[in-house]
Amino acid sequence: MRHPIDLATWNRREHFEFFSQFDEPFHGLVANVDCTPALGEAKRLGVSFFLYYLYHAVQAVNAVENLRDRIEGGQVYRYDRIHASATLGRPDHTFSFSFIEQHDELAAFVRGAQAEMAATQASTGLRLGPSTARPDVIHFSAIPWVRFTGLTHARRFGGPDSAPKISVGQTYREGAATLMPVSVNVHHGLADAYHVGLFLAELGRRLG
């Protein structure tokens, strides 16, 4: 369910109007997150590390109100729940988009994600459709073969787009810790670096 934000009284009204005029209203940053305990917990549960951190990333997004805001037809709405539209790969090195529903329970989230992964393997192309085009998602991608320090995204500036874009890179050891780079890009009219920091802190709490 979504709820319209009263733009006349919203404390971000000027920020929204200002950044909505930009050709590129998204801003982003990359930070390293300690995922040492998460690796062990995923292994203990018999869950792939990808699905484990994706679950926690979706939960962390839902914990930050501004990351649940979307622009639709010039109006800002706040959603009660945000889901995942993750890129899922195939053995031939193509990928498809997906829709993975948010669940509070890890097991239910994993079941839905595994069904989407199976559908990807049985298909070709991008699997574009109403579910992958929903606004109440984050756009998520994993790049496990690159330890990146920066990231850009392909974007269609002429079309409506206000969903956060979150990517994770290759894990690496630093002393006794295993770190993972996390890239977060958000619409500046809806969220600032402060809100990205809240997300990263919550994700770090969940994985650390």
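Refer to the structure above for everything that follows.
Residues numbered from 1 in each chain as written. Predicted model: local features only at pLDDT ≥ 70, side-chain atom pairs only at ≥ 80, totals over all residues. Heavy atoms only, no water.

This next bit is on the nonpolar core. One finds Leu54, Phe140, Val182, Phe199 and Leu207 to be the most contacted residues of the largest nonpolar core, which totals 42 residues. Among the secondary structure elements, those contributing two or more residues to this core are α2 (36-45), α3 (49-62), β5 (83-86), α4 (106-121), β8 (137-143), β9 (165-169), β11 (177-187) and α5 (193-207). Of all the elements, α3 adds the most residues to this core, at eleven residues. In contact with leucine 54, other than residues within four places in its own chain, are Ala84, Ala86, Ile100, Phe109 and Phe140. (Core = buried A, V, L, I, M, F, W, Y, C linked by side-chain atoms within 4.5 Å. Buried < 20%, exposed > 50% of the residue type's maximum accessible area, 1.4 Å probe, protein only. Helix = DSSP H or I, 4+ residues; strand = E, 2+ residues; numbered from the N terminus. Contact = heavy atoms within 4.5 Å.)

Turning next to unusual backbone geometry. Phi at histidine 93 takes a positive value of approximately 70°, unusual for a residue other than glycine. Among the secondary structure elements, histidine 93 is positioned in the loop between β6 (88-89) and β7 (95-96). Here the phi dihedral of arginine 127 falls at roughly 55°; this positive angle occurs in a residue that is not glycine. Classification of arginine 127 by relative accessible area gives partly exposed; the value is 27%.

Time to look at the packing of aromatic side chains. Taken as a whole and judged by the stated rule, the model has ten aromatic pairs. A ring pair is formed by tryptophan 10 and phenylalanine 16, whose centres lie 5.9 Å apart and whose planes are at 55°; its orientation type is tilted. With a centroid separation of 5.7 Å and an interplanar angle of 75°, the aromatic rings of phenylalanine 95 and phenylalanine 97 are classed as edge-to-face. Classification of phenylalanine 95 by relative accessible area gives partly exposed; the value is 39%. (Phe/Tyr/Trp six-rings, centres within 6.5 Å; stacked < 30°, edge-to-face > 60°.)

Right, let's get into the side chain of serine 167. Within the secondary structure layout, serine 167 lies in strand β9. Under the relative-accessibility criterion, serine 167 is labelled buried at 0%. Within the structure, serine 167 has its side chain in polar contact with the side chain of serine 141 (distance 2.7 Å). Dropping the residues within four chain positions of it, serine 167 is found in contact with Ser141, Phe148, Leu151, His153, Pro181, Val182 and Ser183. (Polar contact = N/O pair within 3.5 Å; in protein donor to acceptor, adjacent residues only side chain to side chain.)

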